[in-house]
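Residue-level structure breakdown
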Amino acid sequence: MSYVGPEFDPSQPPKRRIGRPLTVAVAVLVPTCLAGWLVYQATSGSDGNEPARSLPASPSASAGQGAPSGSTAPTSSGTSKPDKEDEKGKDGKGGDGEDNDSATKQPPRRPAANGPLKGKVVVVDPGHNPGNFRHASEINRQVDIGTNRKECDTTGTSTNDGYTEAKFTLDVARRLRTLLEKQGATVKFTQDGDRPWGPCVDERARIGNKAHADAVVSIHADGSGAGNRGYHVILPAKVKSGAADTSAIVAPSEELGTRIAGAFIGATGTGPSNYIGDGTGLDVRRDLGGLNLSTVPKVFIECGNMRDAKDAALLKSGTWRQKAAQGISEGIAGFLRQRS
Ligand code: ZN
């Protein structure tokens, strides 16, 4: 596509987008991301599962917000939407572990470090809960998401060989927590593998609201068809209905999500979704209670497609999950620094 413009200059300071047409921001961001990705592809010759190189870690993300034009909920075609959130994760281990669960072993919590994110509160929402499938009646209960009523939560998806989305989200969340805490942020989880099911999507939103979070990210992996690959970040649509009013969070959430999308490609070397978002790595939805009910900047990220063999191989790799956490962390940090 026409995204390969190399006019990106990493030395350029982030530009604030003010009153700039969103499409411009996207036009800046996307080429930047893809340029980094193409450089990576060219230099590594890999499928993105190589050790991280010093990629231009998407200073691009600084381009500001970009909403895909006409981005109003191109709801997945055959994807399992991240319609829920639940769970928590404990400390993540930073390491670049293999495909093991080292990151899920929870080291003792440390006092907040001094760092650039000191004083910032980040709520991390590991999507789904490994126990949800044993609690069908609880998670099928309908809750109010503003626009309508919807199930409390879902079980989430899994790879074809049984690696569950809930396990994935908790692992990435814990790794992310470690990275953010090292920079001084206060990190709270919606669940940390410490409850039998849930919480429901409305409660997940409330947790971020009550924490007065400066940023919230809900971590997921998709369950779409084979051949559908790549990550995408889901931004809240403008919704004002019932208990939902996203008016105040649409813009900052878009900024947050654009930064995460940019940093994710730089850190992982994997490309944006080839089936949602027209290559931008961004989507906008109004059917997610976790977004509709949020009063603080919040996005979802679908890190990859668990039902595609190549994406699944990445998602199952501890090394790749560490890169994913790094990308999300960089995006959040960029967003928070710019707002401080
Ligand atoms: Zn999900």
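Below is a summary of the structure that appears in this document.

Cut-offs used in this document
Residues numbered from 1 in each chain as written. Predicted model: local features only at pLDDT ≥ 70, side-chain atom pairs only at ≥ 80, totals over all residues. Heavy atoms only, no water. Helix = DSSP H or I, 4+ residues; strand = E, 2+ residues; numbered from the N terminus. Buried < 20%, exposed > 50% of the residue type's maximum accessible area, 1.4 Å probe, protein only. Core = buried A, V, L, I, M, F, W, Y, C linked by side-chain atoms within 4.5 Å. Expected span 1.5 Å × (residues − 1). Polar contact = N/O pair within 3.5 Å; in protein donor to acceptor, adjacent residues only side chain to side chain. Donors = N, O, S within 2.8 Å, 3.2 Å for Na, K, Ca; no water. Salt bridge = Lys/Arg side-chain N within 4 Å of Asp/Glu carboxyl O. Pairing = 2+ DSSP bridges. Disulfide = S-S within 2.5 Å. Contact = heavy atoms within 4.5 Å. Phe/Tyr/Trp six-rings, centres within 6.5 Å; stacked < 30°, edge-to-face > 60°.

This part is about the overall build of the protein. Scanning the protein from N- to C-terminus turns up 8 helices and 10 strands. Looking at the 340 residues of the protein, the share that counts as buried comes to 58%.

Of all hydrophobic cores here, the largest spans 46 residues; its most connected members are Val124, Phe168, Val217, Ile219, Ile328 and Ile332. A per-element tally of this core places helix H8 (residues 318–339) first, with 8 residues. With 7 residues, the next largest nonpolar core counts Ile139, Ile145, Trp197 and Cys200 among its residues.

Turning our eyes to something else, we now look at H8. What sets the pattern is the α-helix's 3.6 residues per turn: residues three or four places apart point alike. Look at H8: 32 Å from first C-alpha to last across 22 residues, which is about the 32 Å you get at 1.5 Å a residue. The buried fraction of H8 amounts to 16 of the 22 residues, a majority that puts the element mostly inside the structure. Where H8 begins, one side-chain oxygen reaches toward the backbone nitrogen of Thr319, 3.2 Å away; that side chain belongs to Ser317.

The subject of this paragraph is the coordination of the zinc ion. For the zinc ion, the full set of protein donor atoms is His128 (NE2), Glu165 (OE) and His220 (ND1), and the range of their distances to it is 2.0 to 2.1 Å. Sequence positions of the residues that donate to the zinc ion give the spacing H-x36-E-x54-H. A residue pair is termed long-range when its members are at least 10 positions apart, and His128 in the loop between strand E1 (121–126) and helix H2 (136–140) and His220 in strand E5 (residues 215–222) qualify at 92 residues.

Glancing now at the pattern of salt bridges. As enumerated under the stated definition, the model contains 13 salt bridges in all. For Arg285, the salt bridge goes to Asp287, with nearest N and O atoms at 2.9 Å. The exposure class assigned to Asp287 is partly exposed, which follows from its relative accessible area of 21%. The network of salt bridges with shared partners includes Asp125, Asp153 and Arg204.

With 8 of 8 residues buried, strand E10 (residues 298–305) lies mostly within the body of the structure. Alignment of E5 against E10, held across 6 bridges, turns out to be parallel. Residue pairing for E10: His220 is matched across the bridge by Glu302. Pairing of strand E6 (residues 232–236) with E10, which is carried by 3 bridges, proceeds in the antiparallel orientation. Note on E10: the bridge partner recorded for His232 is Glu302.

Here we take up the state of the cysteines. With the rule as written, the count across this model stands at 1 disulfide. Disulfide pairing is shown between Cys152 and Cys200; the S-S distance is 2.2 Å. Note on the Cys152 and Cys200 pair: the S-S dihedral is about -95°, so by sign convention the disulfide is left-handed. Taken together, the positions of Cys152 in the loop between strand E3 (149–151) and helix H3 (165–182) and Cys200 in the loop between strand E4 (186–189) and helix H4 (201–210) put the pair 48 residues apart, joining distant regions of the chain. On the basis of relative accessible area, Cys152 is assigned to the buried category, the value being 0%.

Turning next to the environment of Val121. Tracing the backbone through its elements, the reader meets Val121 in strand E1. Exposure remark for Val121: the relative accessible area of 15% places this residue in the buried category. For Val121 and Gly184, which are 63 residues apart along the polypeptide, the C-alpha to C-alpha distance reads 9.5 Å. In contact with Val121, not counting residues within four places along its chain, are Thr186, Ala211, His212, Ala213, Asp214 and Ala215.

Counting across every chain of the model gives 2 aromatic pairs. Considering the side-chain rings of Tyr231 and Phe264, the 4.8 Å spacing of their centres and the 55° angle between planes classify their relative orientation as tilted. A residue pair is termed long-range when its members are at least 10 positions apart, and Tyr231 in the loop between E5 and E6 and Phe264 in helix H5 (residues 250–268) qualify at 33 residues. Here the two residues Tyr231 and Phe264 agree in accessibility, since each one is buried. Summarising the aromatic geometry, the rings of Phe264 and Trp320 are spaced 5.8 Å apart at their centres and angled 75° between planes, so their arrangement reads as edge-to-face.

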